[in-house]
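For reference, the chains in residue letters:
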Amino acid sequence: MDEELERDERVFLMVEEVAQYDGALQVSRGLWKKYGDKRISTLPFLRVRILIMWRSGGSGGGLLLFKTGPSLPLFQAGLRPICEFMTFNFSMQAIDQVINSAAKTYYMSAGLQPVPIVFRGPNGASAGVAAQHSQCFAAWYAHCPGLKVVSPWNSEDAKGLLKSAIREDNPVVFLENELMYGVPFEMSEESQSKDFTIPIGKAKVERPGSHVTVVSHSRLVGHCLDAAAVLAKEGIECEVINLRTIRPMDVESIEASVMKTNHLVTVEGGWPQFGVGAEICARIMEGPAFNYLDAPVTRVTGVDIPMPYAKILEDHSVPQIKDIIFSIKKTLNV
Amino acid sequence: CTLTTYIQTYLSHQETKESKCDLHRLEEGPPEKAELTRDQGLQYYRTMQTIRRMELKADQLYKQKIIRGFCHLYDGQEACAAGIEAGINPTDHLITAYRAHGYTYTRGVSVKEILAELTGRKGGVAKGKGGSMHMYAPCFYGGNGIVGAQVPLGAGIALACQYQGNNQLCVSLYGDGAANQGQLFEAYNMAALWKLPCIFICENNKYGMGTSVERAAASTDYYKRGDYIPGLRVDGMDVLCVREATKFAADHCRSGKGPIVMELQTYRYHGHSMSDPGVSYRTREEIQEVRSKSDPISMLKERMLSHNMASVEEFKEMDVEIRKEVEEAAQFATSDPEPPLDDLCNHIFYNNPPLEVRGTHPWAKLKSLS
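Note that the coordinates shown come from a computational prediction; the quantities given were computed from them, not determined experimentally.

### Some thoughts on the domain arrangement of chain A
Residues and elements named next belong to chain A. Looking at the assigned domains, one finds that chain A contains domain 1 (2-192) and domain 2 (204-332). Taken together, the contact pairs 28 residues of domain 1 with 24 residues of domain 2. Here domain 1 and domain 2 share an interface that buries about 2,000 Å² over both sides, 59% of which is from carbon and sulfur atoms. Among the residues of domain 1 in contact with domain 2, G128, S151 and W153 are the three that bury the most area, contributing 27% of the side total. Note that R244 is salt-bridged to D157, the shortest N-O span being 2.7 Å. Linking domain 1 to domain 2 there are 10 residue pairs in polar contact (both at pLDDT 80 or more). Residue assignment for the side of domain 1 that touches domain 2 shows that the elements contributing at least two residues are α5 (138-142), β7 (148-150) and α6 (155-167). In terms of residue class, the side of domain 1 that touches domain 2 is made up of 19 nonpolar, seven polar and two charged.

### Examining the interface of chain A and chain B
With 49 residues of chain A at the interface, the matching set in chain B holds 52 residues. For the chain A and chain B pair, buried surface summed over both sides reaches about 4,000 Å², with 60% attributable to carbon and sulfur atoms. One can count one salt bridge joining chain A with chain B. Between E314 of chain A and R68 of chain B there is a salt bridge, with the nearest N and O atoms lying 2.6 Å from each other. On inspection of chain A and its partner chain B, the count reaches 14 residue pairs in polar contact (both at pLDDT 80 or more). Looking at the side of chain A that touches chain B, the elements with two or more residues in it are β14 (298-300), α10 (311-315) and α11 (321-332) of chain A.

### Section: the sheet that holds strand β11 (residues 238-242) of chain A
All names here are of chain A. Pairing is mixed in the open sheet, where five strands are placed in the order β9-β11-β10-β13-β14. What marks the edges here is a single partner per strand, and that holds for β9 (204-207) and β14. Strand-to-strand twist of the sheet, defined as the mean angle between neighbouring strand axes without regard to direction, takes the value 25°. Two strands pair when backbone bridges link them, and strand β10 (residues 212-216) and β11 are joined in this way by five bridges, in the parallel orientation. In the strand pairing of β11, S216 is matched with N242. Sitting on the sheet, helix α7 (residues 220-232) is in contact with β9, β10, β11 and β13 (264-267), with an inclination near 170° to β11. Lying over the sheet, α11 contacts β10, β11, β13 and β14, oriented at roughly 160° with respect to β13.

Cut-offs and rules
Residues numbered from 1 in each chain as written. Chains lettered and ligands numbered in written order. Predicted model: local features only at pLDDT ≥ 70, side-chain atom pairs only at ≥ 80, totals over all residues. Heavy atoms only, no water. Domains from an automatic or database assignment. Contact = heavy atoms within 4.5 Å. Buried area = accessible area lost by both parts, 1.4 Å probe. Salt bridge = Lys/Arg side-chain N within 4 Å of Asp/Glu carboxyl O. Polar contact = N/O pair within 3.5 Å; in protein donor to acceptor, adjacent residues only side chain to side chain. Helix = DSSP H or I, 4+ residues; strand = E, 2+ residues; numbered from the N terminus. Nonpolar A, V, L, I, M, F, W, Y, C, P; charged D, E, K, R; others polar. Pairing = 2+ DSSP bridges. Axes fitted to C-alpha atoms, helices over the stretch in contact; angles between N-to-C directions.

Quick look at the structure:
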């Protein structure tokens, strides 16, 4: 974010509790001190006071003040905001504006009014934060045309995809993960440059393999790689694909892999019904890769319940590495 | 009747106290004099001290990582919970946000069940499934995690009271941070239009997470924010003020005049939650000053002592009893087993035949009972 703020003056950040609190999860720490009040706007802890400014294709821009209520008329502005939700659970209070005001506007205006905005923040289960704070919104947002939905796993993903999201002229929902914030990763020389971007809409094969394709996003990519390491010792070679973008989904990469391995397992933290895995199944079935499947696709998902608080229950509500291993073996019939 | 009271408690003195409050669209406020009997004083002391010790124990357990996730502590604000409970009936209803342990206690849940819920055990009031922010009891609707969302719910509960004609009311609590939420104003509007028996209470502890009220609100007169709804503002550190204001508000609602807004000026000693040290946006001196000059428990104790309503030994004895109660509750909370795995999927639907729930993969077929 620092690099993008430096690069383009129209980019600015709206974060809850950023100034003296340093941002609830410290992601924007230091930015306020560097850029000041104009570029870094601190919102009190209310989550729904989201100011959205965008630039139109033609002559000017618009300002929309959002809340669950009426929106103000458009003025000229021309800015590129980054709005942080303390977690995406709170985005439900502003979701009307994310969908109806951000996602659909370019379409409804027949090209007059683009919305270059990024909504970012932690998504999905954390640790012990119970039902109202643990929901995964990947499927909810990815359902809507007009939005791009991105879900990084490691540091390179986070940096490259966020820069692309900020430079993107359309609304992007950027789903981070609280438990990943503190996890360090090695970063390549190339990824440390100020212009390092990762294209939105392209998945990455994190680990090549020949027996089964395992597709995941966000934190669970790490779980899949761990499972793959265990299975490699038994002679099962998994091809692990990191989706990186949920919408538009890189189905071609998945298809190419399935046509090689003949088996597919999807892994996600969210609930099963109408989820990311369900969409992957449908798309594979509709495309050329269907004829290459030797077994039905298996979805590994969160348990279909609100998230419980007690540790033992919470641990059993999300996919474990052993669940992934079990599912892969069942799919391979071994 | 007063005469009986004098005879029964001849050792105590009747105490009168001035209660100052600011009024909005009200001709008159709570009575200028409030009576405190010895029994009441001891009861309020016990309630507040129990909440205080319980919250400090929770702080300890959190630092030992026995409590996880979110933990928003209430120490400093005890007079609000104790005073409100003293001003309403047990059959009235109450709903609050996530800083809810104090209210869970005043609404009838034992310290044992509260701490066991915080530690995620099956003996917890929500069987370990809710955690800090999701505790419930008869006539107590939590414990709500999303800022402000509980206020329209509170107005709805008040609607149910009106609909059923049972002369009950609903106390709908929120903080200074939530006070700027649009959904509150929607709730105010409907409550006023339909004259719902709802007391909207803002616990103004001066900080919404790390944002002070001056930086968050264009108007910090939270008791006036109901606009067309009458309001009053009192000292939330004084349990008697809170009680009298609540009684006044309750009478207002029960007499069919509609909703009323109350602002309690209070303070929290801890940060917003256990992950907030609470000193990056306010000074330690400020916290210390409130502790030494306006602590609700000390204020009540000193008042009772200076009027010979109880002795130092009696307070000491109560403190010892309370410490013991909290210690035993903590023992239970750390030794009680976690909920059994077959409870994982229960309680999805009410009054429903058993249903099958998908586990983490298609071969995990779990069972859900109502």
